[in-house]
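# Summary of structural features
Single-letter residue listing:
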Amino acid sequence: MDLILTPNIDDGDGFYDELLTAHADLSKDESDAYNARLILILCNHIGDRQVLRQALAAASAEASAP
């Protein structure tokens, strides 16, 4: 399985609104902790180490892009 980098979420805008709402009343530290928990839950759901490595590489590439 390969990492999907093209839009793949039904109602992406609606999901983004839900994500923002989940963070609405959180402090910066609480928001960071929420994101960490969410990332680990989703990584566990994916389960495929090759896909997770691809995601790590893609995130690193995005962080270093100008």
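Residues numbered from 1 in each chain as written. Predicted model: local features only at pLDDT ≥ 70, side-chain atom pairs only at ≥ 80, totals over all residues. Heavy atoms only, no water.

## Looking at the side chain of serine 31
Along the chain, serine 31 turns up in helix H2 (residues 28-46). Apart from the residues lying within four places of it in its own chain, the contact partners of serine 31 are His23 and Leu26. (Helix = DSSP H or I, 4+ residues; strand = E, 2+ residues; numbered from the N terminus. Contact = heavy atoms within 4.5 Å.)

## Some thoughts on unusual backbone geometry
One non-glycine residue, aspartate 11, adopts positive backbone phi at about 55°. When you line up the elements, aspartate 11 lands in the segment before helix H1 (12-23). On the basis of relative accessibility, which here comes to 57%, the residue aspartate 11 falls in the exposed class. (Buried < 20%, exposed > 50% of the residue type's maximum accessible area, 1.4 Å probe, protein only.)

## Considerations on the environment of leucine 5
Along the chain, leucine 5 falls in the segment before H1. Separated by 53 residues in sequence, leucine 5 and alanine 58 place their C-alpha atoms 8.8 Å apart.

## A look at the packing of H1 against H2
The geometry of H1 relative to H2 is characterised by a closest axis approach of 10 Å and an angle of 130° between their N-to-C directions. In terms of their interaxial angle, H1 and H2 are classed as oblique. Contacts between H1 and H2 involve Leu19, Ala22 and His23 from the former and Ser31, Tyr34, Asn35 and Leu38 from the latter. (Axes fitted to C-alpha atoms, helices over the stretch in contact; angles between N-to-C directions. Parallel < 35°, antiparallel > 145°, perpendicular 65-115°, else oblique.)

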